[in-house]
Amino acid sequence: GCTGLVFAGGAGRAAGPYENIKIVWPELPRANMGACHGKQPPKDSGAGEPSGHAADEPTTTRELSAVHKGALFGVCCATGSVVATCGEDGVVALRDWQRADESVVAVWRGHTRPVNRVVAGKSGKVYSCSRDQTLCAWSTDSEAPLRRFEGHELTVSAVAVDDGEQTLCSGSRDYSVRLWDIE
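Just so it is clear, the model here is predicted, and its values are computed rather than measured.

1. Let's talk about the nonpolar core
Grouped together as the largest cluster of nonpolar side chains are 13 residues, with contacts concentrated most on A84, V92, L94, W108, V118, V126 and W138. A total of 3 residues in this core trace back to one element, the largest contributor, which is strand β4 (residues 82–87). Setting aside residues no more than four positions away along its own chain, A84 makes contact with G74, V75, C76, A93, L94, V118 and V126. Membership of the second largest hydrophobic core comes to 12 residues, among which are Y127, F149, V159 and W180.

Here it is, written out as structure tokens:
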């Protein structure tokens, strides 16, 4: 499938020094961003920016060291400059792209198959769903999942958390949507 990461300022974001920051992971070759539904990736404009990017718009690009082995399947903004990522290697990672010390906040390896999606709650906890038919709740206080949610019969392909982080919602290829009490 198509993978790509762009974190850019937009409507609803507070203005500040982080507007128009783009994150590029070196382990994602442009060829792997290939034809998604018959569309080709954008061609470079010669200035290192994909075509369609306004030339007068300030952009900063920062390469981060590799954490994942293989394609990324999900990314979400956690808090401030922290992003959570997941991928085909079964790893969930928390990265702070503002830090100079390689930016890795946490790397969690609690899933046995690729991780499809990742979401972050307002508390800073991260929730992931996987092809191993489970969901996990993560915290930087532990390398192991805070909790594992089991019950789906096939790949869990979607996850969401309510604003109060009381309920987790998941969707699966087993045609079910489940609600889970987090605590």
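2. Description of the side chain of S139
Relative to the helices and strands, S139 resides in the loop between β9 (134–138) and β10 (147–150). Owing to a relative accessible area of 11%, S139 belongs among the buried residues under this scheme. Those residues in contact with S139 that sit more than four places away from it in its chain are W108 and L146.

3. Comments concerning the sheet that holds strand β3 (residues 72–77)
With respect to topology, 4 strands assemble into an open sheet ordered β3-β4-β5-β6, the strand pairing being antiparallel. A strand with exactly one partner marks an edge of an open sheet, and here the two such strands are β3 and β6 (104–108). Between one strand axis and the next, the sheet turns by 15° as a mean value, whatever way the strands run. Two strands pair when backbone bridges link them, and β3 and β4 are joined in this way by 5 bridges, in the antiparallel orientation. Looking at the pairing, G74 lines up with C86 of β4.

4. Quick word on the environment of V91
Within the secondary structure, V91 is located in the loop between β4 and β5 (92–96). Between the alpha carbons of V91 and R113 there is a distance of 8.8 Å; along the sequence they are 22 residues apart.

5. Details of the sheet that holds strand β7 (residues 115–120)
On the basis of which strands lie adjacent, the open sheet formed by 4 strands has the order β7-β8-β9-β10 and antiparallel pairing. Bordering the open sheet on either side are β7 and β10, each of which pairs with just one other strand. Averaged over all neighbouring strand pairs, the angle between strand axes comes to 20°, with direction disregarded.

6. A word on the state of the cysteines
In the structure shown here, the tally under the stated rule is 0 disulfides. With no disulfide of its own, C129 lies 7.2 Å from the sulfur of C86, the closest cysteine sulfur. Residue classification places C129 among the buried residues on the basis of a relative accessible area of 0%.

7. Section: the side chain of D174
Mapping D174 onto the fold places it in the loop between β12 (167–172) and β13 (177–181). Buried charged residue D174 carries no salt bridge. Nearest counter-charge: R178, at 4.6 Å. Side chain to side chain, D174 and H152 meet in a polar contact 3.3 Å long. Those residues in contact with D174, other than ones at most four positions away along the chain, are H152, E153 and L154.

8. Side note on the pattern of salt bridges
If charged atoms from side chains of opposite charge come close, those side chains can pair. In the structure shown here, the tally under the stated rule is 1 salt bridge. Note that E183 is salt-bridged to K125, the shortest N-O span being 3.7 Å. Residue E183 is found in the segment after β13, and its partner K125 is found in the loop between β7 and β8 (126–130); the two are separated by 58 residues along the sequence. Judged by its relative accessible area of 26%, K125 is partly exposed.

How each quantity is defined
Residues numbered from 1 in each chain as written. Predicted model: local features only at pLDDT ≥ 70, side-chain atom pairs only at ≥ 80, totals over all residues. Heavy atoms only, no water. Core = buried A, V, L, I, M, F, W, Y, C linked by side-chain atoms within 4.5 Å. Buried < 20%, exposed > 50% of the residue type's maximum accessible area, 1.4 Å probe, protein only. Helix = DSSP H or I, 4+ residues; strand = E, 2+ residues; numbered from the N terminus. Contact = heavy atoms within 4.5 Å. Pairing = 2+ DSSP bridges. Axes fitted to C-alpha atoms, helices over the stretch in contact; angles between N-to-C directions. Disulfide = S-S within 2.5 Å. Lys, Arg positive; Asp, Glu negative; His and termini not counted. Salt bridge = Lys/Arg side-chain N within 4 Å of Asp/Glu carboxyl O. Polar contact = N/O pair within 3.5 Å; in protein donor to acceptor, adjacent residues only side chain to side chain.

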